[in-house]
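Residue-level structural notes
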Amino acid sequence: MRGVRDCARPATKSRSSSAVLILSSSPVFDSHFNSSRTRQEAAACAVVYASRVSGETFPKPSASPPGRCTMFTDEAVESVGAESLWRSSQAAELRSKSCQTAALDVVEAETQVLHWSEYGTQTDLDDQGAQDIDLVDDNQTEYPGLADFLDRVKDMVISELAKNARSHAFDGFEVNWEEQTQTVSCTHSLQYPEAQERNLHVTSISWNSTGSVIACAFGRMDDGDWSTEKSFVCTWNLHRQGLNPKRPDTVIDVGTAVMSISFHPSRPSLIAGGLYTGEVVVWDTNQIQDPVLAKTGMSPDTHRDPVCQVCWVPSGRRGEFAVLSAGCGGRVLLWTIREQSALVLSAGYALIRHQLPMLTKAGGGSTMGIASLALSPWDLDTFLVGSEGGLVIRCAFSAQATATVNPDGESMTLRAPAKFCFSPHCGPVYTLHYSPFHRNLFLSAGTDGFTHLHSLLQVDPVVSLQVSDSYVFGVRWSPTRPLLFAAATGEGSVQMFDLSVMSLRPVTTIEQNNGGRPVYCLEFNPRQTHLLATGNANGTVNIWHLSSELTEQGPKEVAQLEHLATEVAE
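If you're wondering where the values come from, they're calculated on a predicted model, not measured in any experiment. (Residues numbered from 1 in each chain as written. Predicted model: local features only at pLDDT ≥ 70, side-chain atom pairs only at ≥ 80, totals over all residues. Heavy atoms only, no water.)

**Quick look at the pairing of strand S25 (residues 508-511)**
In S25, alternate side chains face the same way, and those of Thr508 and Ile510 are buried while those of Thr509 and Glu511 on the opposite face are not. The pairing of strand S24 (residues 493-498) with S25 spans four bridges and is antiparallel. Bridge pairing links Val494 to Ile510 in S25. (Buried < 20%, exposed > 50% of the residue type's maximum accessible area, 1.4 Å probe, protein only. Helix = DSSP H or I, 4+ residues; strand = E, 2+ residues; numbered from the N terminus. Pairing = 2+ DSSP bridges.)

**Quick look at the environment of Arg527**
Secondary-structure assignment places Arg527 in the loop between strand S26 (519-524) and strand S27 (531-536). Judged by relative accessible area, Arg527 falls into the exposed class, the value being 61%. Here the alpha-carbon distance between Arg527 and Trp207, two residues 320 residues apart in the chain, equals 9.2 Å. Residues contacting Arg527, with those up to four places away along its chain left out, are Ser209, Thr210 and Gly211. A polar contact of 2.9 Å, which involves the side chain of Arg527, links it to the backbone oxygen of Ser209. (Contact = heavy atoms within 4.5 Å. Polar contact = N/O pair within 3.5 Å; in protein donor to acceptor, adjacent residues only side chain to side chain.)

**Here we look at the sheet that holds strand S22 (residues 472-477)**
Judged by pairing direction, the sheet is antiparallel, and its four strands sit side by side in the order S22-S23-S24-S25 without closing on themselves. At either end of the open sheet lies a strand with only one pairing partner, and these are S22 and S25. The average undirected angle you get between the axes of adjacent strands in this sheet is 20°. (Axes fitted to C-alpha atoms, helices over the stretch in contact; angles between N-to-C directions.)

**Re the pairing of strand S19 (residues 441-446)**
Here S19 lies mainly inside the structure; six of its six residues are buried. Residues Leu441, Leu443 and Ala445 line one face of S19 and the alternating positions Phe442, Ser444 and Gly446 line the opposite face, and both faces are buried. In this structure, strand S18 (residues 429-434) lies alongside S19, joined through five bridges in antiparallel fashion. Bridge pairing in S19 places Tyr434 opposite Phe442. Direction of pairing for S19 relative to strand S20 (residues 450-455): antiparallel, over a ladder of five bridges. Looking across to S20, one finds that Leu443 is bridged to Leu453.

**Concerning the sheet that holds strand S3 (residues 213-219)**
Strands belonging to one sheet form pairs held by backbone hydrogen bonds; the direction of such a pair is parallel or antiparallel. Read across the sheet, four strands follow the order S2-S3-S4-S5 without closing on themselves; strand pairing throughout is antiparallel. For this open sheet the edge positions go to strand S2 (201-207) and strand S5 (250-254), each flanked by a neighbour on one side alone. On average, each strand axis in the sheet is inclined to that of its neighbour by 20°, with strand direction left out of account. Pairing of S3 with strand S4 (residues 231-237) involves five bridges; the strand directions are antiparallel. Each residue of the ladder has a partner; that of Ala215, found in S4, is Thr235.

**Focus on the nonpolar core**
Grouped together as the largest cluster of nonpolar side chains are 23 residues, with contacts concentrated most on Leu324, Val332, Leu351, Leu373 and Ile393. Leaving out residues up to four positions away in the same chain, Leu373 has contacts with Gln309, Cys311, Leu324, Ala326, Val332, Phe383, Leu384, Val385 and Leu432. In this structure, Leu200, Val202, Cys216 and Phe232 belong to the second largest nonpolar core, which totals 20 residues. (Core = buried A, V, L, I, M, F, W, Y, C linked by side-chain atoms within 4.5 Å.)

**Some words on the pattern of salt bridges**
For the structure on display, the rule yields six salt bridges. Of the charged contacts, one joins Glu160 and Lys163 as a salt bridge, the two residues approaching to 3.7 Å between their closest N and O atoms. Of this pair, Glu160 and Lys163 both sit in helix H6 (residues 146-166), three residues apart, which is roughly one turn of the helix. The exposure class of Lys163 is partly exposed, given its relative accessible area of 44%. Its salt-bridge partner being Arg240, residue Asp249 comes within 3.1 Å of it at the nearest N-O pair. Relative accessible area serves as the criterion here: at 31%, Asp249 is assigned to the partly exposed category. Among the residues examined, Arg240 registers a relative accessible area of 44% and is labelled partly exposed. Each of Arg481, Asp498 and Glu557 takes part in one network of salt bridges that share partners. (Salt bridge = Lys/Arg side-chain N within 4 Å of Asp/Glu carboxyl O.)

Set out below in structure tokens:
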């Protein structure tokens with residue numbers, strides 16, 4: 001159409017006619033409309049187009065006579081298609097090719113020694129060859145009277161053998177073919193240089209629930225300004241590769257002496273501690289910046305005296321634990337961990353001298369100092385208290401009697417828990433421990449050097465052993481052997497006693513090599529029962545590996561312990 005418009009520009013009046021002429025004379029017109037009929041149709045189309053372009057009105061073509069085509073008609077024209085050759089031309093040529101490496105040279109070879117020989121040895125035969133050996137010696141010596149003696153004792157020997165067959169003396173006996181040894185070796189000697197430079201003592205130790213981490217508290221057990229001297233709580237992971245015994249994994253700085261620590265029974269990172277100032281603190285070793293998880297602070301509910309012992313006790317909620325602390329002032333307090341890093345007092349007990357169920361009248365002041373405490377693993381309502389005056393007292397958490405003590409700002413009323421008193425020691429009772437194999441038996445020891453085996457069913461001790469000529473600071477039952485226990489002495493050694501041996505002497509003495517300075521604490525590993533940890537006055541914690549003789553339970557130990565308790569009850 002563009003060509004049509006360009007050709008029509010010179011003469012406006014003849015614009016439409018020129019367009020008609022141009023269209024009719026174009027090659028496209030000739031090639032497409034090659035018949036007279038189509039030519040007529042094309043001419044009509046040209047007239048219409050010319051009228052649109054020029055704006056002029058052309059007369060409509062007259063109607064065609066019959067038999068001839070009109071200008072515009074509907075007609076179905078056959079479709080015209082053109083096959084595309086581009087796709088076939090662009091199709092990739094497929095060729096099959098292969099390749100391989102060069103032929104490999106295969107050589108088969110073998111080696112062998114240059115010379116070989118086979119040898120054999122045997123005894124030399126005599127000239128007559130092998131001979132049968134006659135076991136009967138015709139020249140054997142006759143012993144006069146031997147045959148008569150054997151005839152006389154034959155019936156007696158048979159009778160004794162029959163009695164042995166019916167005897168039960170060796171029932172339950174198991175033969176152990178492994179070599180038994182009583183050697184004890186020190187596997188680790190843990191130290192904190194800063195604590196040793198200040199001559200601090202190891203006042204308490206504790207294993208975590210996995211048995212892999214040992215924690216120790218530093219302070220002073222002799223004369224010293226405890227209230228202002230800085231101390232530490234340190235931990236070592238014994239399973240850590242490249243353990244450095246002089247570099248603890250965790251060091252917690254404490255502003256005063258730490259008297260007692262205890263790991264949480266199920267959460268390995270929590271440690272409860274009792275301080276000389278009377279505070280109770282719970283640390284979380286996973287919190288590096290500020291390990292203090294909760295603390296009592298200084299309030300009317302806290303202890304007024306040093307805290308001698310702390311331990312975890314199951315609380316009312318399932319799976320949760322509270323902290324129980326005992327102070328030298330005669331109070332036993334139960335703390336619950338609350339939000340906002342606070343330990344809240346949930347129960348309080350006080351030991352009042354004139355409220356004790358004693359056989360003899362006690363003198364002295366109203367309150368009684370506490371030196372040790374132990375929880376019963378068999379009865380959650382029972383705990384033991386060792387006093388500074390030598391008494392051992394059985395107490396109950398469920399006690400409802402009110403302690404006759406003057407109120408001093410406490411948030412709750414203190415109760416009197418004492419239920420029963422045992423025969424006293426001749427000095428402060430520094431340690432108590434329940435038997436893990438019998439619900440009625442426990443050990444007590446103190447400054448008189450004696451260890452008493454008590455039964456909850458009687459006043460007097462079942463067995464009394466003089467462990468040391470000095471103080472006894474700690475005593476613990478073996479977790480695997482019912483009749484074995486260990487005691488830490490003021491002479492610098494650990495004595496191990498076996499109640500199955502009819503002797504009052506220790507079966508093993510573990511020297512600490514600390515110059516004769518006291519051993520203040522000891523603990524068996526609850527998981528790896530062959531390990532024993534001891535805390536010394538020279539600021540070191542020694543880890544001892546015990547032999548199988550000291551850790552493997554004998555076939556009759558439980559029965560012997562039960563027999564011992566039964567005899568006491570009768």
